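Next come the chains, spelled out residue by residue.
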Amino acid sequence: SLESRCMLSIARRLQRGVHWVSVACLALSLSRSSSTIVTVHSQTSAAQVTRPALLMSDAHKDAASLGTTVDTQLSSAWPPYCCVILHRTTGVSREVFVEQRPLDASVAAGRLTCFGGKREQDEEPLECVLRECTEELGWSPARDELCRAVDLFVDGKLIAWFYEAPGPSDAVGLRFEPGVSGEWVGSQHDPRLSPWHRTVLAAWHCGECRADFSSLDEASM
């Protein structure tokens, strides 16, 4: 189950000596998706990097003011692609706003994907996400609401940074590109999702900040 996977991830992070703030963020993610209350106590790891720019939640933002650290799983190298997980909470579950790509798209044709795209030369990742949202939706989340969430690696190679932010409200008038539409999905296991994005959302739902996809597994997805 999702809950048992998240608890296992917490235990593994504690064994690695990951900083308590990173573990607390994972516990917060778990509490958002279930009624479980998690209490975590850990020692600070000696192998840490202070990187406030990579913080993923309000808990991380508060910790940044104290000079604390985050899990070093997040990459510092800029990726070729940047995307955003636009989410909302309905009842006890989280939904993600995704793009329905046209059947003639050159990449992920007919699939559901998170919004985003290729980073332009010398373009900062955050600026890439804002630009792509504006182009694809006619709307973008507030800059200060965008937080690093998951790094996608395919066959060991960094492919994309995924940010997260609250999705558009129903009152927002979105403007999609020709042949594209958007919809809310409630499961990272939706078979219509692109295999890469399904892997990322599975990691995100469990509070993991790295998603590894193997092309050898793509045929089975």
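Residues numbered from 1 in each chain as written. Predicted model: local features only at pLDDT ≥ 70, side-chain atom pairs only at ≥ 80, totals over all residues. Heavy atoms only, no water.

J.: Looking at this structure, how should I read the overall build of the protein chain?
T.: Within the protein chain one finds five helices and eight strands. Listing every helix and strand of the protein chain by position from the N terminus yields α-α-α-β-β-β-β-α-β-β-β-α-β. Scored against the burial criterion, the 221 residues of the protein chain give a buried share of 48%. Look at the contacts in the protein chain between residues 6 or more apart in sequence, and 65% of them connect residues 24 or more apart. Carbon and sulfur atoms make up 52% of the accessible area of the protein chain, which amounts to about 10,900 Å² in all. (Helix = DSSP H or I, 4+ residues; strand = E, 2+ residues; numbered from the N terminus. Buried < 20%, exposed > 50% of the residue type's maximum accessible area, 1.4 Å probe, protein only. Contact = heavy atoms within 4.5 Å. Areas by Shrake-Rupley, 256 points an atom, 1.4 Å probe, with all protein chains shown as cover.)

J.: I tried to follow the nonpolar core on my own but got confused; where do I start?
T.: General note: in soluble globular proteins, nonpolar side chains tend to be found buried as a group. Within the largest apolar cluster, 21 residues are counted, with the highest numbers of intra-cluster contacts made by Ile-85, Val-150, Leu-152 and Phe-162. Within the residue set of this core, elements represented by two or more residues are strand E1 (81–90), strand E2 (93–100), strand E5 (147–154), strand E6 (157–166), helix H5 (195–205) and strand E8 (210–213). Not counting residues up to four positions away in its chain, the partners in contact with Ile-85 are Val-96, Cys-114, Phe-162, Tyr-163, Glu-164, Ala-165, Val-200, Leu-201 and Trp-204. Among the nonpolar cores identified, the runner-up in size contains 18 residues, and Cys-128, Val-129, Trp-161 and Ala-165 belong to it. (Core = buried A, V, L, I, M, F, W, Y, C linked by side-chain atoms within 4.5 Å.)

J.: Help me out: how do you make sense of the packing of aromatic side chains in this one?
T.: Here the distance between the centres and the angle between the planes together describe a pair of aromatic rings. As enumerated under the stated definition, the model contains four aromatic pairs in all. Plain terms: the ring middles of Phe-97 and Trp-184 are 5.0 Å apart, the flat faces sit at 45° to each other, and that makes the pair tilted. On the criterion of sequence distance, the pair formed by Phe-97 in strand E2 and Trp-184 in strand E7 (residues 181–185) is long-range, its members being 87 residues apart. One exposure class covers both Phe-97 and Trp-184, and it is buried. Taken together through their ring pairs, the aromatic side chains of Phe-97, Phe-115, Phe-176 and Trp-184 make up a single cluster. Sitting over the ring of Trp-204, Arg-94 keeps its end group 4.0 Å from the ring centre. (Phe/Tyr/Trp six-rings, centres within 6.5 Å; stacked < 30°, edge-to-face > 60°. Lys NZ or Arg CZ within 6 Å of the ring centre and 35° of its normal.)

J.: Which parts of the structure should I look at to understand the pairing of E2?
T.: Looking along a regular strand, one sees side chains alternate from face to face of the sheet. Burial analysis of E2 places six of its eight residues in the buried class, which makes it a mostly covered element. Bridge analysis of E1 against E2 gives five bridges, and the strand direction is antiparallel. Residue pairing for E2: Thr-90 is matched across the bridge by Ser-93. Here E2 pairs with E7 via five bridges, running antiparallel. Residue pairing for E7: Gln-100 is matched across the bridge by Ser-181. Strand direction decides the pairing type here: E2 and strand E3 (residues 112–113), joined by two bridges, are antiparallel. In the sheet register, Gln-100 faces E3, and the bridge partner there is Leu-112. (Pairing = 2+ DSSP bridges.)

J.: I keep staring at the environment of Arg-88 and nothing clicks. Help me out?
T.: Take Arg-88: it is sitting in strand E1. Taking relative accessible area as the criterion, Arg-88 reaches 28% and is therefore assigned partly exposed. Along the chain, Arg-88 and Ala-165 lie 77 residues apart, while their C-alpha atoms are 8.8 Å from each other. The contact partners of Arg-88, leaving out residues within four places of it in the chain, are Ser-93, Arg-94, Glu-95, Asp-170 and Trp-184.

J.: Looking at this model, I keep getting lost on H5. Mind explaining?
T.: One full turn of an α-helix is made of 3.6 residues, so residues set three or four places apart face in the same direction. Burial runs high along H5: ten of the eleven residues are buried. Taken together, the buried positions of H5 are occupied by Pro-195, His-197, Arg-198, Thr-199, Val-200, Leu-201, Ala-202, Ala-203, Trp-204 and His-205. Immediately downstream of H5, the backbone of Gly-207 shows phi near 80°, a positive value.

J.: In this structure, what is going on with the pattern of salt bridges? I would like to understand it.
T.: Close approach of charged atoms lets side chains of opposite charge pair. Counting across every chain of the model gives twelve salt bridges. Taken together, the shared-partner salt bridges in this structure form one network comprising Glu-120, Glu-123, Arg-131, Glu-132 and Glu-135. (Salt bridge = Lys/Arg side-chain N within 4 Å of Asp/Glu carboxyl O.)

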